[in-house]
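A closer look at the structure
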Amino acid sequence: MELTKIEIKDRIGYITLNRPEKRNALSYEFVGELKQAFAQLKEDDNAKLIVLRAEGKAFCAGADLAYIQGLQGNTYEENLEDSNHLKELFYEIYTYPKVVIAEIQGHALAGGCGLATVCDFSYTVPHAKFGYTEVKIGFIPAIVKVFLLRKIGEGKSKELLLSGKLYEAVDAQKMGLVNEVVEAEKLSETVYEFAQQLIQNNSGQSMAFTKQMIAEVQEKGLEEGLQYAAEQNAKARASEDCKKGIAAFLNKETPTW
């Protein structure tokens, strides 16, 4: 892979966007490599969680507009196939069985802001800007809005998606787009330390189940959702991690995850 780099260090799987000369703009090939990277690390037990980061000044500028322009002569079916390609990447990250942390060292715009949105946690720097700028060029934030509505609600989503404005990192944090804003020189260290807290203190199986439930329960009615929760609760009690964790607690020991 040329556009994406993979590295595993201290049980963290790093996926790095590596198209800095294009501000990490997303093309068909780039999206394909990202899907491949996530698929590879999903099966690697050496990576308990994932950090998504980027080379260059920008985290991700969204879709490669030159590439999109080249698609305008395509048929609806061809454009739908291309759209589904991006949809599958976002869905993969959102439903990924391992926690995904975005380490955002620069601007995250349009589809790049979408990448940050589908990650479970996002850490960024003060100078980074966030926004969905599609309406300013006659495009629409179609796929990303599905996840944004879930993350920050309708009111704030309308503000972001319909205005097309760029927001400072601190405002993105207030909206719930990012979890924490830290100084640039401390970003990687902060993300690493937080990742290690999750790795050392939490069951990977429990985090995977919890993430899955968060994704699925929102589409269910009250009674159906509660029944689903009760069923998952019952299944979790029989899991090896639950048995291990409760036994350690009762024996006043710290479980090794």
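Residues numbered from 1 in each chain as written. Predicted model: local features only at pLDDT ≥ 70, side-chain atom pairs only at ≥ 80, totals over all residues. Heavy atoms only, no water.

**Here's the deal with the pairing of strand β3 (residues 49-54)**
Under the convention used in this document: Burial status follows relative accessibility: with a 1.4 Å probe on protein chains alone, a residue under 20% of its type maximum counts as buried, one over 50% as exposed, and anything between as partly exposed. Only runs of H or I of at least four residues qualify as helices and only runs of E of at least two qualify as strands under DSSP, and these elements are numbered from the N terminus. At least two DSSP bridges between two strands are required for those strands to pair. By definition, the crossover connecting two strands over a helix is right-handed if that path, from the first strand to the second, turns clockwise as seen with the strands pointing away from the viewer.
Burial within β3 is extensive, with five of its six residues counted as buried. Looking at chain direction, strand β2 (residues 12-17) and β3 are connected through six bridges and run parallel. Bridged to Ile-12 within β3 is Leu-49. In this fold, β2 hands off to helix α1 (residues 28-42), which returns the chain to β3; that crossover is right-handed. Sheet analysis places β3 next to strand β4 (residues 100-104), joined by three bridges and oriented parallel.

**Overview of the layout of surface pockets**
Selection rule: In the cavity and pocket records, a cavity denotes points on a 1 Å grid over the protein atoms alone where a 1.4 Å probe fits but cannot get out, a pocket denotes an open set with protein on both sides within 12 Å along at least 5 of 7 lines, and lining residues are residues with an atom within 4 Å of a point. Grid points are joined across faces, edges and corners, and a volume is the space filled by probe spheres set on the points.
By volume, the largest pocket amounts to about 870 Å³. Residue lining of the largest pocket: 38 residues in total, with Ala-63, Leu-65, Ile-68, Leu-86 and Phe-139 positioned closest to the centre. Elements with a minimum of two residues in the lining of the largest pocket: α1, α2 (65-71), α3 (76-94) and α5 (142-152). With eight residues, α3 is the single largest residue contributor to the lining of the largest pocket.

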